[in-house]
Amino acid sequence: MSVKYTREHEWIVVEEDVATVGISKYAQEQLGDVVFVEVPDAGKKVALGEEAAVVESVKAASEIYAPLSGTVTAGNPALEDEPATINSDAEGDGWIFKMTIDDTSELDDLMDAAEYADYVAGLE
Amino acid sequence: MPPNTPTTSLAWNNSKNKVAKTMRYLPLTDDDRRQMLAAIGVEDLKDLYRDVPPDALLSGPVDLPAHQGEIEVERAISAMAAKNLNAAAAPSFLGAGAYRHHVPATVDAMIQRGEFLTAYTPYQPEVSQGTLQYLFEFQTQVALITGMEVANASMYDGATAAAEAVMMAGRVAKRKKAILSGGLHPHYRDATQTIAGFHGMTLDVAPPDWKGEEDLIRSIDDETACVVVQNPGFFGHVRDLTPLADACHAAGALLVVVVTEVVSLGALTAPGDMGADIVAAEGQSIGNALNYGGPTVGLFAVRQKHLRQMPGRVCGQTADIDGKRGFVLTLSTREQHIRREKATSNICTNSGLCALAFNVHMTLLGETGFRQLAALNHAKACTLADKLDAVDEVQVLNDTFFNEFTISLNKPAAGVVDDLAALGILGGVPVSRLYADGGQMENLLLVAATETTTEDDMDALVRSLSEVL
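Note that this is a predicted model, so its numbers are computed, not measured. (Residues numbered from 1 in each chain as written. Chains lettered and ligands numbered in written order. Predicted model: local features only at pLDDT ≥ 70, side-chain atom pairs only at ≥ 80, totals over all residues.)

Some words on the overall build of chain A
So the rule is basically this: Counting from the N terminus, the helices are the DSSP runs of H or I reaching at least four residues and the strands are the DSSP runs of E reaching at least two. Taken over C-alpha atoms, the radius of gyration is set against a globule rule of 2.2 Å times the number of residues to the power 0.38. Contacts here follow a simple rule: the backbone-placed C-beta atoms of the two residues must lie within 7 Å.
If you tally the helices and strands in chain A, you get four helices and ten strands. Ordering the α and β elements of chain A from the N terminus gives β-β-β-α-β-β-β-β-β-α-α-β-β-α. A compact globule built from 124 residues should have a C-alpha radius of gyration of about 14 Å, and chain A, at 13 Å, falls within 12% of that. For the C-alpha atoms alone, the extent of chain A along its principal axes is close to 35 × 35 × 20 Å. At a minimum sequence separation of 6, the contacts of chain A that also span at least 24 residues come to 63%.

A closer look at the overall build of chain B
Within chain B, the secondary structure is distributed over 13 helices and 13 strands. Along the first, second and third principal axes, the C-alpha set of chain B runs to 70 × 65 × 45 Å. Partitioning the intrachain contacts of chain B with sequence separation of at least 6 by distance along the chain shows that 72% fall at a separation of at least 24.

Some words on the nonpolar core
The criterion, for reference: Each nonpolar core comprises buried Ala, Val, Leu, Ile, Met, Phe, Trp, Tyr and Cys residues, the members being joined through C-beta atoms within 7 Å. Using C-beta atoms placed from the backbone, we call a residue buried if 20 or more other C-beta atoms fall within 10 Å of its own, exposed if 12 or fewer do, and partly exposed for counts in between. What fixes the domain bounds is an automatic or database domain assignment.
In this structure, Val166, Ala169, Cys226, Val227, Val228 and Val256 of chain B are the most contacted members of the largest nonpolar core, which totals 121 residues. Each of two domains, domain 2 (105–362) and domain 3 (366–468) of chain B, supplies a minimum of three residues to this core. One finds Trp11, Ala61, Ile64 and Phe97 of chain A within the second-largest nonpolar core, a separate group that totals 30 residues.

Quick word on the sheet that holds strand 5 (residues 45–46) of chain A
All names here are of chain A. Here is the rule: Pairing between two strands is assigned when DSSP locates at least 2 bridges connecting them.
Taken together, the seven strands give an open sheet; going across it, the order is 5-8-9-3-2-1-10, and neighbouring strands pair in antiparallel fashion. Whereas interior strands pair on both sides, the edge strands pair on one side only; in this sheet they are strand 5 and strand 10 (111–112). Here strand 3 (residues 18–23) pairs with strand 9 (residues 97–100) via four bridges, running antiparallel. Bridge pairing links Val21 to Phe97 in strand 9.

What to know about the environment of Ala319 of chain B
Topologically, Ala319 of chain B is positioned in strand 8 (residues 314–319). Among residues more than four places away in sequence, those in contact with Ala319 of chain B are Lys324, Arg325 and Gly326 of chain B.

Some words on the pairing of strand 6 (residues 51–57) of chain A
All names here are of chain A. Counting buried positions along strand 6 yields six of seven residues, so the element is predominantly enclosed. Of the strand pairs in this sheet, strand 4 (residues 34–38) and strand 6 are connected by four bridges, and their pairing is antiparallel. The partner of Val34 across the bridge, within strand 6, is Ser57. Across five bridges, strand 6 lies against strand 7 (residues 61–65) in antiparallel orientation. Within the sheet, the bridge partner assigned to Glu51 lies in strand 7 and is Tyr65. Counted along the chain from strand 6 to the antiparallel partner strand 7, the turn is three residues long.

Overview of helix 8 (residues 186–196) of chain B
Residue and element names in this part refer to chain B. Let me state the cut-off plainly: The arc in question is formed by the directions pointing from the helix axis toward the C-beta atoms.
Residues Tyr188, Arg189, Ala191, Thr192, Ile195 and Ala196 constitute the buried set of helix 8. Along helix 8, the residues classed as buried sweep out an arc of 165° about the axis, all on the same side. Its buried side turned inward, helix 8 meets helix 7 (158–173), strand 2 (177–180), strand 3 (202–205) and strand 5 (254–259).

Some thoughts on the packing of helix 7 of chain B against helix 8 of chain B
All names here are of chain B. Operational definition: All axes here are fitted lines through C-alpha atoms, helices being fitted over the stretch that makes contact, and every angle between N-to-C directions spans 0 to 180 degrees. Roughly parallel here means an angle under 35 degrees, roughly antiparallel means over 145, roughly perpendicular means 65 to 115, and every remaining angle is called oblique. Here a crossing is called left-handed whenever its near helix is offset anticlockwise from the far helix by less than a right angle, and right-handed whenever the offset is clockwise. Polar here means any residue other than Ala, Val, Leu, Ile, Met, Phe, Trp, Tyr, Cys and Pro, which are nonpolar, and Asp, Glu, Lys and Arg, which are charged; Gly is therefore polar.
At their nearest, the axes of helix 7 and helix 8 sit 8 Å apart, and the two run at 50° to each other. Here helix 7 lies oblique to helix 8, going by the angle between them. Of the two elements, helix 7 crosses helix 8, and the hand of that crossing is right-handed. Along its contact with helix 7, which presents Gly158, Ala159, Thr160, Ala162, Ala163, Val166 and Met167, the element helix 8 presents His187, Tyr188, Ala191, Thr192, Ile195 and Ala196. Considered class by class, the residues forming the contact of helix 7 with helix 8 number nine nonpolar, four polar and no charged.

With respect to the environment of Arg371 of chain B
Residues and elements named next belong to chain B. Counting through the fold element by element, Arg371 comes out in helix 11 (residues 352–389). Among the residues examined, Arg371 registers 14 C-beta atoms within 10 Å and is labelled partly exposed. Put simply, Arg371 and Asp419 are 48 residues apart on the chain and 36 Å apart in space, counted from C-alpha to C-alpha.

Observations regarding the confidence of the model for chain B
All names here are of chain B. Test applied: For every residue, the pLDDT score states the predictor's confidence, bounded by 0 at the bottom and 100 at the top.
In this model, chain B carries a mean pLDDT of 90, and residues with pLDDT of at least 70 account for 92%. Contacts for the low-pLDDT stretch residues 1–20, under 50 throughout, to residues beyond four places or in other chains number 32 contacts. Confidence metrics for the complex model read pTM 0.84 and ipTM 0.70.

Details of unusual backbone geometry
Residue and element names in this part refer to chain B. Omega for the peptide link from Asn231 to Pro232 comes to -10°, which places this bond in the cis form. Positionally, Pro232 belongs in the loop between strand 4 (224–230) and helix 9 (242–250). Going from Gly294 to Pro295, the amide bond is cis rather than trans, its omega being 5°. Along the chain, Pro295 turns up in the loop between strand 6 (278–282) and strand 7 (298–302).

Overview of the pairing of strand 9 (residues 325–330) of chain B
With six bridges joining them, strand 8 of chain B and strand 9 of chain B adopt antiparallel strand pairing. Bridging from a neighbouring strand, Val314 of chain B pairs with Thr330 of chain B of strand 9 of chain B.

Describing the sheet that holds strand 11 (residues 404–408) of chain B
All names here are of chain B. On the basis of which strands lie adjacent, the open sheet formed by four strands has the order 10-11-13-12 and antiparallel pairing. For this open sheet the edge positions go to strand 10 (395–396) and strand 12 (429–430), each flanked by a neighbour on one side alone. Bridge count between strand 12 and strand 13 (residues 444–448): two bridges; the pairing is antiparallel. Counterpart to Pro430 in the pairing with strand 13 is Leu445.

Digging into helix 9 of chain B
Residues and elements named next belong to chain B. Every buried residue of helix 9 is accounted for by Leu244, Ala245, Ala247 and Cys248. Down the axis of helix 9, the smallest arc covering the buried residues is 165°, so these residues share one side. The inward-facing, buried residues of helix 9 contact strand 4 and strand 5.

So, the environment of Asn377 of chain B
Residues and elements named next belong to chain B. Relative to the elements of secondary structure, Asn377 occurs in helix 11. What makes Asn377 buried here is the crowd of 27 C-beta atoms within 10 Å. In sequence terms Asn377 and Glu137 are 240 residues apart; their C-alpha atoms lie 25 Å from each other. Ignoring sequence-local partners within four residues, the contact set of Asn377 consists of Val263, Phe402, Asn403, Thr450 and Glu451.

Here you go:
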């Protein structure tokens, strides 16, 4: 499945019923240097829109909201030592957590890459 | 109120009030008031108070004497002040969380420099390098004496620091229950209840531990976020907290160690060396006077791994573009001016001037001086304990103590303290003063000795006790 985006600037990729979640390239640019990431523990249940992680930059500490309802299966352990991975590869190695999906229909409300690009353009 | 009548109070209406005509401290004119009321569309000031129940509003002047000149006011206030028995002018054995220590004159001279005394909290911190430097030094001193890895730039006082420690433990452990030792100062217990209670923490409070026999290990379960224990305890007992720390960690809970007499850290094993995860302490004893109970300065130190959950501000050392040493405020992205209601804590300031006094005094002492000061305090308390134990009606309860211990008298301690005060001696703090329904603790008295306590003071106490018991 191709990448999807939320209005809160998270990206989601679904592979074999597991969604990988991170923040968009645009979001990391806005945050500046990321210095700390609080990733959720595996097993944590999250509802759509609920706080799931915290990304802290030199400018601000920002909540990352669950883009879908489900259960966290893993937090990205690499971010503990290298939080700046979010700056260098936001939509790749800088993923924040993986989760199961309770309701696949929630995916329908997400934006595709082109829609997200338009959305971001509208913010500037 | 009639628009032309100036008044000293917003809430009562008395055109006969003559005091107001000469009241010098009200900046607003009648015109000012009229304009402000017009701007917000209110006819009468009283309309702003219509939500206040009538019986809660003053209906007339407060029963106070009419205004007087400065000379008369000074005379009246001085006469009132003279009714106090000043701890600096009498043999004093008061403690229970606030201790009379010698504050070197240098401390006052330093903190009264205009650069320090008048400076408000640095909102553009990096231009205030002097302030940041002393905060950095303060943090370093706090981390060293508590045996911890990180300390913040101070909190309001020991009691609010304890409350913040409980909330922090809740965030770290992701649990909601805190166990409070019966050796924790009752004021700290109350402050924790008031503050942490509103953050969803439930407190499990152990009964007063005046015998020093408490064992909290059995109370720890898988819901426990932290155990809060004071060392030396409120009743003076000194404990090895290592087994308790191990039990906490085995259950996934944190050990919070509270210290109300920070000089004790110059003699006792540091809380960090006994496994504490958070240390919340009162710093008044170093550099700060009794101040009628406040302001004082709270110390807060944690393990590095919990740094991001620590409340308050942190000052860091760095280098500028030329490689010169400089200081910055750091880790403030979780503070309330950036994160509002999601802030780690809503403690938004530090006790700057009191922290500076602590820093200056501690710098004057150095490690050797701090250890000597602690040894001297303990030696004085040992002498006092021996002298008191020799009085027939007195029994010293503690096997261990630092500079304060509990004695049992043959009658209620509160009355004895009053009798001693009449003889010009501040004999200590009756436990019933802090435990309202003291029951069997009614005869207990906390007595403290510091480096300021002389042998003459002790002999005067012993003599007077023999008189009043």
